[in-house]
Amino acid sequence: MTAVFAAFALTAGAQSQNVWGAFTDMRKGYLDKAKSQIDAACLHEDTKGDAKTWCYKALIYSQIGGSEKEKYRNLAPDWAEQSYSAALECQRLDTKKEFESLVNQVLNFVAQEYYNQAYEAYNGMKYSKAIEFAEKSIVGFNKSGNSNYAQDAMLIAGVCSLATRDTVNTLKHFNQMVMGKTDNNYVYSTLFRIHKEKNDRANAMKVAKTYVSNCKTDYYAYLMLAEGYLLFNNVEKSKEQINTALRMTKDSVVLYPKVLVLAAGVLERSGDYDGAIAKYNESLRLKPNQFEANFSLGSMYYNRAADKINAANAIDPFDDSKTGQYEKLNKEAQELFRQSIPYLEKAVAYIDGLTDANEKAYLRANLYNALSALEITYTRFDMLKEAQAIQVRREQLLKQ
């Protein structure tokens, strides 16, 4: 902003003494005097309706906020709000756009300050405050002509709205980001999930298609579109999108095993368990020591076993015609439980072998779930010693 102030020079003309005095003192660096005079001018009948009065106020308060001298910063702790309001008032009155460039730079400067405050509030989990500052930042950037800079503020507003379970505002801010062609996977994933949970298949599909349109080189977009087609029971179209994502990452040693796991997850949700198993195993052949494929495959076997147990328990025990069905389901469940064990054990071993404390913390919930599944499975196979050891570990995790 200092460069803007240095370059800004106007003749006195017909300006009142207070307005011109405020401008002169600002140029000289006497911000206390400049503030006093411009505050008076904003209240005076002869000058409060003049765009240049509010332009000067926006400039002076911005310079106060950006000053390196504490005595000036203390002049107006609310400098951002004062500058912001003055800039908006100048825009309203400036029908000839005489001060447009200067006001846009002030708004951009203040919008950045509001973004910083929003980010600080977000880190402090003060979500309502973060949303308030972020929305002011969004307006400031949009009115300054730098709407592309508003994307980060929209993200904070959307994330904080989600944290406060305000679905309406989450959709508002994230949809604005999509309209701005964001490439943020979290935004599209959140929108897709919200619509899916509301059973709004049309809008979920719209999000997935827009993601592909905006981010043609992002393999996640095609996996989301695969999920979208599943909502309409179009398995063939879903598999086409999965294959597109796999082709895009085939040559990446790092990405391809991960995408195989994601693709397997989509196939699993479609009911294609054989296809999912093939993809999980392919990922494990390429990268044996990993958490994702081991945990996902072990969980798939475990969950399918649990579904069969539930189906068996739903059978009428007094219906002799279904006795064989009951026994068949329990036998199939037992085999699936057995198949889950080695994969869940490898998933736990992977986490135990991690040296990065942050990564361990990130996977803590998954570790607890894997241990819980193993405890139940060990018990079913009378592996009581192993089950007891797992129970101790789970209890320790809960205390941490």
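Read on for an overview of the structure.

## Topic: the overall build of the protein
What the protein contains, in helices and strands, is 21 helices and 0 strands. What you see for the protein is a C-alpha radius of gyration of 31 Å, clearly larger than the 21 Å of a compact globule of 400 residues, by over 25%. Each principal axis of the C-alpha distribution contributes one length, and for the protein these read about 100 × 50 × 45 Å. Restricting to contacts in the protein with at least 6 residues of sequence separation, those with at least 24 account for 54%. For the protein, the exposed surface amounts to about 21,600 Å²; the carbon and sulfur share of it is 49%. The distance from the centre of the 50 positive side-chain charges to the centre of the 48 negative ones in the protein is 2 Å.

## Looking at the packing of helix 2 (residues 17–28) against helix 4 (residues 51–66)
At a minimum axis distance of 10 Å, the contact between helix 2 and helix 4 shows a crossing angle of 30°. When the interaxial angle is binned, helix 2 and helix 4 end up roughly parallel. Relative to helix 4, the crossing made by helix 2 is left-handed. Seen from helix 2, the contacting residues are V19, A22, F23 and M26; seen from helix 4, they are T53, Y56, L59, I60 and Q63. Taken together, the residues of the contact of helix 2 with helix 4 break down into 7 nonpolar, 2 polar and no charged.

## Structural notes on the side chain of H195
Mapped onto the elements, H195 comes out in helix 11 (residues 185–197). Apart from residues no more than four positions distant in its own chain, H195 is found in contact with L171, D200, N203, A204 and V207.

## A closer look at the nonpolar core
Counting 121 residues, the largest nonpolar core has I38, I242 and L297 as its most contacted members. Among residues more than four places away in sequence, those in contact with L297 are I277, Y280, N281, L284 and Y343.

## Concerning the side chain of S161
Note that S161 resides in helix 9 (residues 151–163). For S161, a relative accessible area of 1% corresponds to the buried category. Non-local contacts of S161, meaning those with residues more than four positions away in its chain, are made with I131, D166, N169, T170 and H173.

## Some words on helix 18 (residues 323–352)
For helix 18, built from 30 residues, the straight-helix expectation of 44 Å at 1.5 Å per residue is met to within 8% by its first-to-last C-alpha distance of 43 Å. Remark: the principal bend of helix 18, roughly 30°, maps to I341, with a proline, P342, within the next four residues.

## What about the environment of Q290?
The topology assignment puts Q290 in the loop between helix 16 (273–286) and helix 17 (292–313). Residues Q290 and L384, 94 residues apart in the sequence, show an inter-C-alpha distance of 27 Å.

## Points about the packing of aromatic side chains
Applying the stated criterion to the full structure yields 14 aromatic pairs. With a centroid separation of 5.2 Å and an interplanar angle of 40°, the aromatic rings of W20 and F23 are classed as tilted. Pair noted here: W20 and F23 are both in helix 2, with a separation of 3 residues, about one helical turn. The exposure class assigned to W20 is partly exposed, which follows from its relative accessible area of 28%. We classify F23 as buried; its relative accessible area is 4%. Cluster of aromatic residues (ring-pair linked, three or more members): W20, F23 and Y56.

The rules we used
- Residues numbered from 1 in each chain as written.
- Predicted model: local features only at pLDDT ≥ 70, side-chain atom pairs only at ≥ 80, totals over all residues.
- Heavy atoms only, no water.
- Helix = DSSP H or I, 4+ residues; strand = E, 2+ residues; numbered from the N terminus.
- Rg over C-alpha atoms; globule rule 2.2 N^0.38 Å.
- Contact = heavy atoms within 4.5 Å.
- Areas by Shrake-Rupley, 256 points an atom, 1.4 Å probe, with all protein chains shown as cover.
- Lys, Arg positive; Asp, Glu negative; His and termini not counted.
- Charge placed at Lys NZ, Arg CZ, Asp CG, Glu CD.
- Axes fitted to C-alpha atoms, helices over the stretch in contact; angles between N-to-C directions.
- Parallel < 35°, antiparallel > 145°, perpendicular 65-115°, else oblique.
- Left-handed = near helix turned anticlockwise from the far one by under 90°.
- Nonpolar A, V, L, I, M, F, W, Y, C, P; charged D, E, K, R; others polar.
- Core = buried A, V, L, I, M, F, W, Y, C linked by side-chain atoms within 4.5 Å.
- Buried < 20%, exposed > 50% of the residue type's maximum accessible area, 1.4 Å probe, protein only.
- Expected span 1.5 Å × (residues − 1).
- Bend = angle between axes of the 7 residues up to and from the residue.
- Phe/Tyr/Trp six-rings, centres within 6.5 Å; stacked < 30°, edge-to-face > 60°.

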